[in-house]
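# Residue-level structure breakdown
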Amino acid sequence: MAGNTFGKLFKLTTFGESHGKAIGGIIDGCPAGITLDLEAIQNELDRRKPGQSKIVTQRKEPDTVDYYSGIFEGVTTGTPIGFVIHNTNQKSKDYGHIKDVYRPSHADYTYDKKYGIRDYRGGGRSSARETASRVVAGAIAKQFLSSIEINAFTSSVGDIFIDKPYQDLDFSKIESNIIRCPDEATAKKMITKVEEIKKQGDTIGGTITCVIKNVPVGLGEPVFDKLHAELGKAMLSINAVKGFEYGSGFCGAKMKGSEHNDLFNADGTTKTNLSGGIQGGISNGMDIYFRVAFKPVATVIQKQDALNSAGEIVEMQGKGRHDPCVVPRAVPIVEAMAALVLADYLLLDRVTRL
Ligand SMILES: Cc1cc2nc3c(=O)[nH]c(=O)nc-3n(C[C@H](O)[C@H](O)[C@H](O)COP(=O)(O)O)c2cc1C
């Protein structure tokens with residue numbers, strides 16, 4: 001299997017499966033001399049962990065991170081940072097029913113066809129449990145970014161969405177409710193929706209908006225490594241993501257250039273920001289903002305037709321502990337992936353111009 005490493009200079013490699021002994025990662029290229037706030041890293045993991053509220057999977061994992069290298073007396077040493085999160089609450093027997101059956105729209109069929117062998121327990125390597133390692137690395141990257149601020153939040157669940165521009169939202173309210181939506185009235189409706197969906201044994205999709213402030217002008221490496229291309233790759237690498245748009249996104253396709261152009265102020269800032277803070281693949285100093293679309297995840301606790309390894313269509317019913325809507329748990333994952341891209345591109349910027 002290739003493709004377990006992300007980044008060019010600030011590089012994360014992750015390992016582990018959902019029901020193996022542990023998951024973890026190695027961060028190579030983290031600069032020396034960063035005094036780490038280890039509690040802040042654990043807080044980020046707690047925002048992603050299962051069992052945190054009534055609207056997420058009830059798998060109970062403390063997700064405590066153990067550091068093996070690269071940190072001395074709380075300060076990064078510049079050597080690889082190795083870390084492990086032990087799996088402690090696996091219920092592998094819950095997955096016996098998918099040993100020889102491929103769940104529709106999950107990764108069972110493609111993993112089996114590609115590798116001819118798969119750890120079906122909890123989805124194995126295709127499980128979003130892997131993203132806990134990204135959250136650890138992203139939380140370390142955030143501490144390197146200093147004044148760059150990254151805030152992600154739930155902007156829609158099904159057809160319920162925040163009907164306001166992000167500038168009118170108070171980001172300090174994101175953590176005030178279990179769905180992670182800073183607009184309280186919309187948050188209540190979203191939570192009710194997820195509860196209804198959960199009762200039906202179904203799942204529902206949603207979107208996350210991410211806003212990055214205080215980005216210096218100049219991050220991004222044209223032409224193949226444009227900043228938005230890397231952010232897109234980062235977001236599309238998250239499990240269950242089906243869409244990415246930044247700035248005006250797909251709405252821009254309906255506009256005229258005279259409406260869409262961001263006119264300059266004399267200091268180089270722009271009066272509007274439909275460019276989403278990136279032009280020509282390089283940050284222009286305005287806010288970077290993007291939206292990520294998550295599908296309703298595959299495991300529904302209802303009877304559905306599935307395919308088995310003998311090539312027969314069989315009826316199956318999802319079992320085990322699953323997320324009815326992954327969006328609230330994915331908020332810290334989106335922030336982590338954004339932080340990894342920015343840390344990497346800040347380092348790249350230091351070696352690509354004088
Ligand atoms: C935070 C998070 C939690 C998830 N929980 C589940 C789950 O409980 N059940 C499920 O079937 N898929 C879940 N997924 C999605 C699967 O990991 C994903 O759909 C699967 O690996 C197939 O990949 P794809 O949807 O990207 O094609 C979750 C995804 C995320 C980001």
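Use the structure listed above.
If you're wondering where the values come from, they're calculated on a predicted model, not measured in any experiment. (Residues numbered from 1 in each chain as written. Predicted model: local features only at pLDDT ≥ 70, side-chain atom pairs only at ≥ 80, totals over all residues. Heavy atoms only, no water.)

Further remarks concern the packing of aromatic side chains. How two aromatic rings sit relative to each other is set out by the distance from centre to centre and by the angle between their planes. Under the definition given, this model contains 7 aromatic pairs. A ring pair is formed by F10 and F144, whose centres lie 6.5 Å apart and whose planes are at 20°; its orientation type is stacked. Of this pair, F10 sits in the loop between β1 (5-6) and β2 (11-16) while F144 is found in helix α3 (residues 131-144), placing the two residues 134 residues apart along the sequence. Like F144, F10 is buried. Among the aromatic residues, those joined into a ring-pair cluster are F244, Y246 and F290. (Phe/Tyr/Trp six-rings, centres within 6.5 Å; stacked < 30°, edge-to-face > 60°. Helix = DSSP H or I, 4+ residues; strand = E, 2+ residues; numbered from the N terminus. Buried < 20%, exposed > 50% of the residue type's maximum accessible area, 1.4 Å probe, protein only.)

A separate point is the layout of surface pockets. Taken as a whole, the second largest pocket encloses approximately 530 Å³ of empty space. Residue lining of the second largest pocket: 23 residues in total, with K164, P165, Y166, T209 and R291 positioned closest to the centre. (1 Å grid on protein atoms, 1.4 Å probe; cavity = no way out; pocket = protein on both sides within 12 Å on 5 of 7 lines; lining within 4 Å. Points joined across faces, edges and corners; volume = space filled by probe spheres on them.)

Another point: the sheet that holds strand β3 (residues 22-28). Strand order in the open sheet formed by 5 strands is β1-β2-β3-β7-β4, with antiparallel pairing between adjacent strands. Of all the strands in the sheet, the pair left with one neighbour each is β1 and β4 (65-67). Across 2 bridges, β1 lies against β2 in antiparallel orientation. Residue F6 lies in a different strand from β2, and its bridge partner there is L12. (Pairing = 2+ DSSP bridges.)

Ranked by internal contacts, the top residues of the largest apolar core, which has 84 residues, are I212, M235, F290, F294 and V334. Among the elements that take part in this core, helix α8 (residues 327-352) stands out by supplying 17 residues, more than any other. In contact with M235, not counting residues within four places along its chain, are V241, F244, F290, V292, V334, M337 and A338. (Core = buried A, V, L, I, M, F, W, Y, C linked by side-chain atoms within 4.5 Å. Contact = heavy atoms within 4.5 Å.)

On to unusual backbone geometry, then. Looking along the chain, the bond that leaves P222 and enters V223 is cis, with omega of 5°. Mapped onto the elements, V223 comes out in the loop between β11 (206-213) and α5 (227-236). Residue R180 is not a glycine yet carries a positive backbone phi of 65°. Relative to the helices and strands, R180 resides in the loop between β10 (160-161) and α4 (184-199). Positive phi, close to 75°, is recorded for A240, a residue that is not glycine. Note on A240: relative accessible area 17%, which makes it buried.

Another point: the pattern of salt bridges. Under the criterion given, the structure shown has 23 salt bridges. Between R121 and D119 there is a salt bridge, and its shortest N-O distance comes to 2.7 Å. Overlapping salt bridges bring together E44, R47, K142, E175, R180 and E335 as one network. (Salt bridge = Lys/Arg side-chain N within 4 Å of Asp/Glu carboxyl O.)

Along the chain, G122 turns up in the loop between α2 (108-115) and α3. With residues up to four places along the chain from it excluded, the contact list for G122 reads S18, H19, Y95 and S127.

Attention shifts here to the pairing of strand β16 (residues 303-308). Of the strand pairs in this sheet, strand β8 (residues 101-102) and β16 are connected by 2 bridges, and their pairing is antiparallel. From the neighbouring strand, Y102 faces β16, where its bridge partner is L307. Bridging between β16 and strand β17 (residues 313-317) involves 5 bridges; their strand directions are antiparallel. Within the sheet, the bridge partner assigned to A306 lies in β17 and is V314. Adjacent in sequence and paired antiparallel, β16 and β17 are bridged by 4 residues, among which G311 carries a positive phi angle near 85°.

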